[in-house]
Amino acid sequence: MKSVLTSVLLVLLLAAASASLIPSAEARVTPPAETRSRFAALDEVRLLANGLLQLGQSLREFVHKTRGQMNDIFQKINIFDRSFYQLSVLASEIRDEEEELKKTTLILQANNEEVKSLSLEINSKVEGILEERSRLQSKVGGLEEQLSSLSQGLVTSQQLAEIGTLREVIHSQEKSITELLRAVREQSDQLNDQRLQINSLEKKITGNSLAQETVKTPDSLTPEPPTLTPYEVTDFRNDLPSDCSDLFGRGRRVSGVYALKPTNLSRPFMAFCDMSKDGGVTVIQRRMDGTVNFDQTWQKYEDGFGDFQGEFWLGLKKMHALVARGNSILRIEVEDWKLGKRFVEYNLHLGGAESYYKIHLKQPMGDLPDAMTNQTGMMFSTKDQDNDSHQDSSCAASYTGGWWFNACGYANLNGRYVSVRPKSRGPERRSEIQWRPSRRAAFSLRSTQISVRPSSATNTFSSSGQTGSSSL
């Protein structure tokens, strides 16, 4: 641009110079007028040159400014392209996971149908055996009548042999019926496990399909939590285990939901058994993602609530039935937001409903600092049943969740679940899940699990409660 302006300026100067070198007739006649015309032309050339220079400078500045703006636009376009590529990759991964879950669900459904057909076949065989047994019993009755009629006489050897043969057949049939009933119970347990797995996968698929539209937070919880899986009465479960350690002793090693009957006086109920630990424990409480609202009434805490595949509270009635025989261990496992895991175990005695489930704990053991000794001897409290030792207010109403509150301090594993710990020290922070071993230390927790087991059960896993580094 500058070279063009210079060329134009030179052309104008040459034109002015040539005009000044060629004299005209008027110039020879009137010299003063010629001098004034030449100076006027030079001034106009200078003005025109200055104008062209200013125009060139303005054009150059505009070009530089436009080039900078275009570079900024290109950078933003590149950033948008990278973000769009990352989103497309993430969406592709979600679609792949959803397809895998769908395939697994189809396989489990096919297995479920196969197990159902086997169960029906076994049931039909059992019915046939029962009919055969009734026929044999009728034959035995007829023989008994014959024996009674021949009581005055002698029984032939052939009749005695026939009676002995029938007794052996009945005995073998009873053994077969017992084995088939055991097989039916195992098939029923497998059906329950398959059903739970299918329900879990369906929930995962539903969650993945909705993950791009909404994110569930603790603030969106419904006041009423789901009801725990009830015990379904069948004719084949008459020898239920007393707890998960009993089930472990019978050879079961898969963690899941099982039917338990702690004592002859207690009613059967479903519970989650954690078989990952040598000996097996019955899980009372589990927190992991905040999907269940634990700020519930006294009745809910007595009966239990939640989802065995996620968060739940088993219930004070069932907990008391599990530990009513005495010599029980309460195990508490926690995980902080830095994925540090620790545990603590107590010798446990729990009162019944007449004592408001008063708890007694002693001899803590584990790598988690003790925070429950201050609460031993306390009754259970909820927002509608205040049994704490605080005279001025209700700890359960202030801190949320049901617990064995003393004076609103130290520990509350049923508090409000928060994914980010509040910076303030007000009620919002006090109401969260926490474990406070001292006045100066309080920890916000990511997950918790409370379980019980008999103290006589095998316990080789106490030293393995910590996995990974811990910041507790």
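This text goes with the structure placed above it.
Everything numeric in this text was worked out from a predicted model, so none of it was measured.

Draft legend 1. Expanded view of the overall build of the chain. From N to C terminus, the chain includes nine helices and eleven strands. Sequence-distant contacts in the chain: of pairs separated by 6 or more residues, those separated by 24 or more amount to 60%. Carbon and sulfur atoms make up 55% of the accessible area of the chain, which amounts to about 28300 Å² in all.

Draft legend 2. Layout of the environment of Leu314. Note on placement: Leu314 falls in the loop between strand S5 (312-313) and helix H7 (316-323). Taking the relative accessible area as the measure of exposure, Leu314 reaches 0% and is therefore buried. Taking the C-alpha atoms as reference points, Leu314 and Tyr301, 13 residues apart in sequence, are found 8.1 Å from one another. Every residue in contact with Leu314, bar those within four places of it in the chain, is listed here: Leu228, Phe269, Met270, Ala271, Thr282, Val283, Ile284, Asp303, Gly304, Phe308 and Leu322.

Draft legend 3. Summary view of a nonpolar patch on the surface. On the surface, Met70, Ile73, Phe74 and Ile77 cluster together to form a nonpolar patch covering roughly 380 Å² of accessible area. Following the sequence through the fold, Met70 ends up in helix H3 (residues 31-149).

Draft legend 4. Region of the structure containing empty space enclosed by the protein. On inspection of all chains with the given rule, the structure shows one cavity of 30 Å³ or more. Of the pockets and cavities examined, the largest cavity occupies roughly 40 Å³. Lining the largest cavity are Tyr399, Phe405, Cys408, Gly409, Tyr410, Ala411, Asn412, Gln434 and Arg436. Per-class residue counts for the lining of the largest cavity are five nonpolar, three polar and one charged.

Draft legend 5. Representation of the pairing of strand S7 (residues 341-350) within the structure. A large share of S7 lies buried, amounting to seven of its ten residues. By the bridge criterion, eight bridges tie strand S6 (residues 328-336) to S7 in an arrangement that is antiparallel. Directly across from Val334, in S7, lies its bridge partner Arg342. The loop that links S6 with its antiparallel partner S7 comprises four residues; one of these, Leu339, has a positive phi angle of about 65°.

Quick notes on the rules
Residues numbered from 1 in each chain as written. Predicted model: local features only at pLDDT ≥ 70, side-chain atom pairs only at ≥ 80, totals over all residues. Heavy atoms only, no water. Helix = DSSP H or I, 4+ residues; strand = E, 2+ residues; numbered from the N terminus. Contact = heavy atoms within 4.5 Å. Areas by Shrake-Rupley, 256 points an atom, 1.4 Å probe, with all protein chains shown as cover. Buried < 20%, exposed > 50% of the residue type's maximum accessible area, 1.4 Å probe, protein only. Patch = residues over 30% accessible without salt bridge, like charges linked within 9 Å, V, L, I, M, F, W, Y side chains within 5 Å. Salt bridge = Lys/Arg side-chain N within 4 Å of Asp/Glu carboxyl O. 1 Å grid on protein atoms, 1.4 Å probe; cavity = no way out; pocket = protein on both sides within 12 Å on 5 of 7 lines; lining within 4 Å. Points joined across faces, edges and corners; volume = space filled by probe spheres on them. Nonpolar A, V, L, I, M, F, W, Y, C, P; charged D, E, K, R; others polar. Pairing = 2+ DSSP bridges.

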